[in-house]
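What follows is each chain in one-letter form.
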Amino acid sequence: MTPASTLITNIGELSTQDYAQGPEASVLRDAAVVFEGERISWIGAAADAPAADETMDAGGRAGLPGWVDSHTHLVFAGDRSAEFEARMAGESYAAGGIAVTTAATRAASDYDLTRLLLARVAEAAAGGTTYLETKTGYGLNVQEEQRSARIASTVADQVTFLGAHLVPDGMDAEEYTDLVCTAMLTAVRPYVQWADVFCEQGAFTAEQSRRVLAACRKAGLGLRVHGNQLGYGAGVALAVEFGAASVDHVNYLSDDDVAALAGTWTGWGPGRSGTPGTVATCLPACDLSTRAPLADARRLLDAGVPVALASNCNPGTSYTSSMTFCVATAVLQMGLTVQEAVRAATFGGALALRVHTGEDRDGQRAVGSLAVGHRADLQLLNAPSAAHLAYRPGMPLTGSVWRAGVRVR
Ligand SMILES: N=CN[C@@H](CCC(=O)O)C(=O)O
Ligand SMILES: [Zn+2]
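- As annotated in an unreviewed UniProt entry, the chain carries the name Imidazolonepropionase and is attributed to Arthrobacter jiangjiafuii.
- Listed in UniProt under the heading Function (unreviewed entry), the comment for the chain reads: "Catalyzes the hydrolytic cleavage of the carbon-nitrogen bond in imidazolone-5-propanoate to yield N-formimidoyl-L-glutamate. It is the third step in the universal histidine degradation pathway."
- Taken verbatim from the UniProt record of the chain, the Sequence similarities (unreviewed entry) comment is "Belongs to the metallo-dependent hydrolases superfamily. HutI family."

Quick look at the structure:
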């Protein structure tokens, strides 16, 4: 049973990602945290910590918010390791592989799809992920997209409708786009908070993407876009035009794309209130698995665009939910500092999902940073500092993990 209050003390380095007092003040030494139920009730110097029902000594280990994985595709069945092997032998990635997963997903029972999803979420939690979004997109007809959305909504923190992932075999692209915007949208609507579109050659054109985004916005959904993954294109511009919360992949960006994203953040700053703009979500595990150029997160941050790091866990382009792998790659190969990478994988993801604030909205507490009133999502590393995530890549550094005050590892 979870005690009413828990004190975790002797945390050698606590990266709170709470910029209310500025970035420097967000890393505490010799710190402690108190959870009451699902929320953080106290945070500060270990020497000043109040008593609690239960105490845990962190032994000088590092603490940080649980990872917020803002981009996954976890509702699927089947295996595409042959496609991966072919890619490693020189084939290039094409959106058409999605059809293989669609066939396997449609053939799976509700029980099997739920079991697979639960196992993937448990794997992510074991790696320190305490909040995650997942998408539909392997059903691709009204009944199957609704089924994916329904199953996802029982397990994931947030669900995104991605009916516009690929035009299924045998359907005309225009007719399918109409279906996504009408009957399919109505069928999934009770189960989802967001809509997404794969705006790319081989998937949906800019015009089709625009129709999907307009219909989903009218239905009251928040928007996100898979954009600029396989080449330069309209994804970023559309995301900005529609006020999307994020545009994801962003491997091929023109100067205009970067400037447009930066423009959405005018008047907003970390630690201050204001209306957030469009987050650029980088997916390094996907870039490596598709042998694509790593998204230029350094350029985005330097231009003033907040970046999220996410796993994009899916069977085609990124079959891993390891956020520690993404963080290590961002530091070692994408030019981010350790704190920038940790921030992108915690606060950045929360910003992309609009759960970064401290308001207790519909039972939703802020995640992605550690402060009084936020959800008690904490991970302790088997290391004295967050730097070890990149200093010792591939090592089993995830120690204890709490999600909403409950120990999950
Ligand atoms: N790019 C589009 N969708 C997924 C890949 C889906 C698949 O190939 O199964 C992605 O984000 O990479
Ligand atoms: Zn994706």
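Digging into the UniProt feature "binding site: Fe(3+)" (unreviewed entry) in the chain
No. 1: What UniProt calls "binding site: Fe(3+)" (unreviewed entry) maps, in this numbering, to His71, His73, His226 and Asn312. Their sequence span is 242 residues, while the largest C-alpha to C-alpha distance among them is just 12.2 Å; these annotated residues converge on one region.
No. 2: Position of His73 relative to the elements: it lies in the loop between β6 (67-69) and α1 (81-88).
No. 3: Of the residues examined, His73 has 28 C-beta atoms within 10 Å and is grouped as buried.
No. 4: Setting aside its immediate chain neighbours within four residues, His73 contacts Thr134, Lys135, Gly137, Cys313 and Asn314.
No. 5: Here Asn312 is to be found in the loop between β13 (307-309) and α11 (323-333).
No. 6: On the basis of neighbour counts, which here come to 30 C-beta atoms within 10 Å, the residue Asn312 falls in the buried class.

Re the pairing of strand β9 (residues 194-199)
No. 1: The buried fraction of β9 is high, at six of six residues.
No. 2: Neither face of β9 is left uncovered, since the one carrying Trp194, Asp196 and Phe198 and the one carrying Ala195, Val197 and Cys199 both have all their residues buried.
No. 3: When strand β8 (residues 158-164) meets β9, the two strands line up parallel, connected through three bridges. Paired with Thr160 across the strands is Trp194, a residue of β9.
No. 4: In this region the chain leaves β8, passes through helix α5 (residues 173-188) and returns to the parallel neighbour β9; the handedness of that crossover is right-handed.
No. 5: Judged from the four bridges that link them, β9 and strand β10 (residues 222-227) form a sheet pairing that is parallel. Looking at the pairing, Phe198 lines up with His226 of β10.

Criteria and cut-off values
Residues numbered from 1 in each chain as written. Chains lettered and ligands numbered in written order. Predicted model: local features only at pLDDT ≥ 70, side-chain atom pairs only at ≥ 80, totals over all residues. UniProt positions renumbered as here; feature names shortened; annotations may be inferred. Helix = DSSP H or I, 4+ residues; strand = E, 2+ residues; numbered from the N terminus. Buried ≥ 20, exposed ≤ 12 C-beta atoms within 10 Å, placed from the backbone. Contact = placed C-beta atoms within 7 Å. Pairing = 2+ DSSP bridges. Right-handed = clockwise from strand over helix to strand, strands pointing away.

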